[in-house]
Structures are given as C-alpha cells and as structure tokens.
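Here's the letter readout for the chains.
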Amino acid sequence: MDILTLNSKEKLGCIMCDKCCIYRGDIRLTPLNVCKISKFLNLSIKEFLKEYTDRLENNKLELVLKTKGNLKQCILYDEKNKKCGIHPVKPMQCVMFPLVPENLKRDYFYNSGECKMEEFKEIKVKKWLNGNNNIYSKNKKICMEWIEFLEYIQPKLENISKEKLEECYEILFENYDFKKVNLKNQMRNNIKTVIDIVK
Ligand code: SF4
Ligand code: SF4
C-alpha cells in the first residue's frame, strides 16, 4: 500500500458512475456539515436532521446520511442529474474518495482502489482533494477537531442519562444561528459547552 501525501501524484478522476454513492449508510457528518448542507438545501437544521440523517447506534453523538432503496444509495444522490446533490458542501469522506486517510493529521492517504481507472490522468493529491473550492483545506482543521472531540467524549458518555445525552446532541447539532457568520466558531463553542456538561 503506497502512502500518498498532498504532493504525491496519482491517477484520479471521475466518470460520474455513482459507485461511491451506493452501499452507503456510513457517510458521517460533522455539525458543520449539518449546517452547510441544511443551508444548501434551504432547510432548517431540524428538517434536515429528520429527513436526511440517522444516528449511529453504537457511536453516540455520531450522525450518518440516510440511504434509499435496495442498493442503499445515499439519500443525497441526485438521480436526475446523475451526480452528488450536494457536491459543493459534501462531507469529508466523499471529498476524499477513493482516497482514505491513513493519518489525517499528517495528510497521509492511501488509494482504496475502489475507483481506479487506467484512463484517469495523474494529478496531485492536493488538487483532487480541494477541487474548485478548496473544500479540503478549508475544512480539514475543524474535521480534526471533531474527531478529537469524539475520541475524548465517547468514553464519558457511557454513564450519562438519556436526557443529558439528548441535550448534548441538540447543542452540538442544532444550536446554530445562520445569521451569524462564523459557523465554525459556533461549533467550537458548542463543543466546549458539551464538554462542560459531561465532565
Ligand atoms: S469518484 Fe469514482 S466511483 Fe465515484 S462517481 Fe466518480 S468515478 Fe464513480
Ligand atoms: S454526499 Fe454526495 S458524494 Fe457523498 S455519498 Fe452522498 S451523494 Fe455521494
């Protein structure tokens, strides 16, 4: 398995075949994803959470995108246009595909091989990840903060009451004001509040 860095060159491309959007149910969302996707779809956060997300049973406080049909196609796949329905704001897992982080902190990846085609041209990993809107660079730090928070908080959730867990969930995912510009800072503040509640 070759480890790729941001400056590595790899054969990467997309023929819009939808293979990466079926057999899902594992696309995880950060609170920032929830805010951005809700805004993109013109929905309130509550509406988006209800219609498009499921909670992971064994991973309290983690959310995934729902699926549809026997093929477990991602609920946000745009059947009509044959592409991701939220491309500019898609979650990190989808941003990286077919690359998988070996060590996200250090920007080390490997190619899962799930989408390898001879006709793809070699491009820099950095270019693949960032696309046209710098989505990887803009979101990597907050994504790392979320992962670190989950690692810290999960063991502490074992013994808290259902009511308290629900309170934490609502603070983390629903306590946002779209009129205020900095959603990342709102998310950071919500994380701090939850840490205080749980400790
Ligand atoms: S990234 Fe790969 S699997 Fe996904 S739609 Fe493009 S070609 Fe298909
Ligand atoms: S968010 Fe978009 S790219 Fe990701 S699985 Fe769903 S439809 Fe596919």
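To keep things clear, this report deals only with the structure shown in the data block. (Residues numbered from 1 in each chain as written. Chains lettered and ligands numbered in written order. Predicted model: local features only at pLDDT ≥ 70, side-chain atom pairs only at ≥ 80, totals over all residues. Heavy atoms only, no water.)

**Brief notes about unusual backbone geometry**
Proline 98 follows phenylalanine 97 through a cis peptide bond whose omega is 5 degrees. Secondary-structure assignment places proline 98 in the loop between helix 3 (92-96) and strand 9 (99-103). If you check the backbone angles, lysine 72 has positive phi at about 50 degrees while not being a glycine. Position of lysine 72 relative to the elements: it lies in the loop between strand 5 (67-68) and strand 6 (73-74). (Helix = DSSP H or I, 4+ residues; strand = E, 2+ residues; numbered from the N terminus.)

**Some remarks on the site of ligand 2**
All residues adjacent to ligand 2 are Cys21, Leu65, Cys74, Leu76, Tyr77, Cys84, Ile86, Pro91 and Cys94. The pocket occupied by ligand 2, as judged from atoms lying within 2 Å of grid points, is the largest pocket. (Near = heavy atom within 4 Å. 1 Å grid on protein atoms, 1.4 Å probe; cavity = no way out; pocket = protein on both sides within 12 Å on 5 of 7 lines; lining within 4 Å. Sits in = over half its atoms within 2 Å of the grid points.)

**Some details on the site of ligand 1**
Taken together, Cys14, Ile15, Met16, Cys17, Asp18, Lys19, Cys20, Phe97 and Cys115 make up all the residues around ligand 1. Judged by its atoms lying within 2 Å of the grid points, ligand 1 is housed in the largest pocket.

**Considerations on the packing of helix 5 (residues 135-153) against helix 7 (residues 183-198)**
In contact at an axis separation of 12 Å, helix 5 and helix 7 are set at 10 degrees when each is read in the N-to-C sense. Relative to helix 7, the element helix 5 is oriented roughly parallel. On helix 7, the residues touching Lys138, Asn139, Lys141, Ile142, Glu145, Trp146, Phe149, Tyr152 and Ile153 of helix 5 are Lys184, Met187, Arg188, Ile191, Val194, Ile195 and Val198. Here the residues of the contact of helix 5 with helix 7 sort into 10 nonpolar, 1 polar and 5 charged. (Axes fitted to C-alpha atoms, helices over the stretch in contact; angles between N-to-C directions. Parallel < 35°, antiparallel > 145°, perpendicular 65-115°, else oblique. Contact = heavy atoms within 4.5 Å. Nonpolar A, V, L, I, M, F, W, Y, C, P; charged D, E, K, R; others polar.)

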